[in-house]
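Chain residues, written in single-letter form:
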Amino acid sequence: MQNQTSLPRPLEGVTILDLTIALAGPFATLILGGLGARVIKVENPAVGDPARSNSPYLGRDGVKLVRETEDDISISTLNRMRNKLGVTLNLKHPQAREVFSDLVRSSDVLVENFSRGTLDRLGLGYSFVREINPRIVHCALTGFGTEGDTGSAKALDSIIQALSGLMMTSGSTGEPPVRVGVPFADLITPLFAVIGILSALKMADRTGEGQFVDVSMLGVMTSLVACESFDAMESLGIPVRTGQTMPRLAPFGTYSASDGYIAICAHQNDFAYGVFNAMGRPEFAADDRFRTRDLRVKHVAELDALINAWTRTLPKAELLNILNAAGVPCAEVRDPQTALRDPRVVARGETVRLEHPQHGLVDDVYGMGLPIKFSAATAAYDQASPVMGEHNQNVYGEILGYSQERIDALRSQGVI
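The paragraphs below set out a description of the structure included in this document. (Residues numbered from 1 in each chain as written. Predicted model: local features only at pLDDT ≥ 70, side-chain atom pairs only at ≥ 80, totals over all residues. Heavy atoms only, no water.)

Attention now goes to the overall build of the protein chain. The secondary structure content of the protein chain amounts to 17 helices and 14 strands. Its C-alpha atoms give the protein chain principal-axis dimensions of roughly 85 × 50 × 45 Å. Residues counted as buried form 45% of the 416 residues belonging to the protein chain. For the protein chain, restricting intrachain contacts to residue pairs at least 6 apart in sequence, the fraction spanning at least 24 positions comes to 67%. If you sum the accessible surface of the protein chain, you get close to 20,100 Å²; carbon and sulfur atoms cover 54% of it. The average position of the 39 basic charges and that of the 47 acidic charges among the side chains of the protein chain differ by 1 Å. (Helix = DSSP H or I, 4+ residues; strand = E, 2+ residues; numbered from the N terminus. Buried < 20%, exposed > 50% of the residue type's maximum accessible area, 1.4 Å probe, protein only. Contact = heavy atoms within 4.5 Å. Areas by Shrake-Rupley, 256 points an atom, 1.4 Å probe, with all protein chains shown as cover. Lys, Arg positive; Asp, Glu negative; His and termini not counted. Charge placed at Lys NZ, Arg CZ, Asp CG, Glu CD.)

Strand order in the open sheet formed by six strands is 6-2-1-7-8-9, and the pairing between neighbours is parallel. If you trace the sheet from one side to the other, it starts and ends with strand 6 (85-88) and strand 9 (212-216), each paired once. Strand-to-strand twist of the sheet, defined as the mean angle between neighbouring strand axes without regard to direction, takes the value 20°. As paired elements, strand 1 (residues 15-18) and strand 7 (residues 109-112) share three bridges and run parallel to each other. Bridging across to strand 7, Ile16 finds its partner in Val109. The sheet contacts of helix 7 (residues 184-207) involve strand 7, strand 8 (137-142) and strand 9, and relative to strand 8 the element is tilted by about 165°. Along the sheet face, helix 8 (residues 217-225) touches strand 8 and strand 9 and points at about 60° away from the line of strand 9. (Pairing = 2+ DSSP bridges. Axes fitted to C-alpha atoms, helices over the stretch in contact; angles between N-to-C directions.)

Structure follows, in structure tokens:
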């Protein structure tokens, strides 16, 4: 295979104007940057991206909960701002309009996740952007879409998990709602945004015209919840909240071991019969409660109770050996610290050890890698996150062609 370092990047030549903050938007532009696009990350010179103040921090002495020195950097920042050129611009400043116009003119894509209508109120919305650059793709990641009533809720991850129904799909009946541990809405919505952006860019290649791409966090999450037939199952006597298992695929889910938990996915007859053999109960394959998938679904509570009664008597390693020998898909349930350091994902760059821009590998901290591999291209998060305004000179001077006098004036006037 060709040396990866000599291969081109898929999005080379594409410039992204990144107005996003927090997580959902910056994750979308992180992916685009990892794929080779030139991402110009714009921050307000007075406050910057709020993610810069997210605990914990990484500094010369390692990880800490409280920022103690100027070179302590939020791990959120180290993760999300890689592969980006950092510039500052106060969009509310009267003189920012001209600078913003020049950035738009030099970009192929604009990505923002402001509250709905923010750019319009500044006079910098899509109608203005399109007038400056008719070919540009303007992507807005919003909480509830760009039309209709948003209600009073703010589009934070937990709010979207709550409104989408996601919190009531995990756990058991009668238990409190369960929030998915990772910020699921903030991480999945950007994937749809990237799909929309790349689709619009492809269309612009055909038509010569850009367009507005609107991706709603609530819409994304609710559409994913709709992939399961929760309402139909409940009407047939299977509750929406089924604890650690998935009844319609029984036996399928997590089961207790004597020293932790394992996952078993035995949705096909052969796999289910393998579970029965591993349990020393091969007669279950002919049992009218369990011999077919439909019967197993009908008697899921009884089946799961029998499996748990067996699994909880043995340690994980022994259970996995027995189940693997019987041809049953299974795995141990691991904690994140172990999972992130799995040699398989580390070797593929799917998780990576985070470096401090000044002090290097000062602690054992892992972050997101780019889990996409190409045969004729390369992609990775291999550029350190910038400090605020680190690339002002490069972007305003070299890319936009501003003189040093103009850059100095913009800085002194608080525009950048």
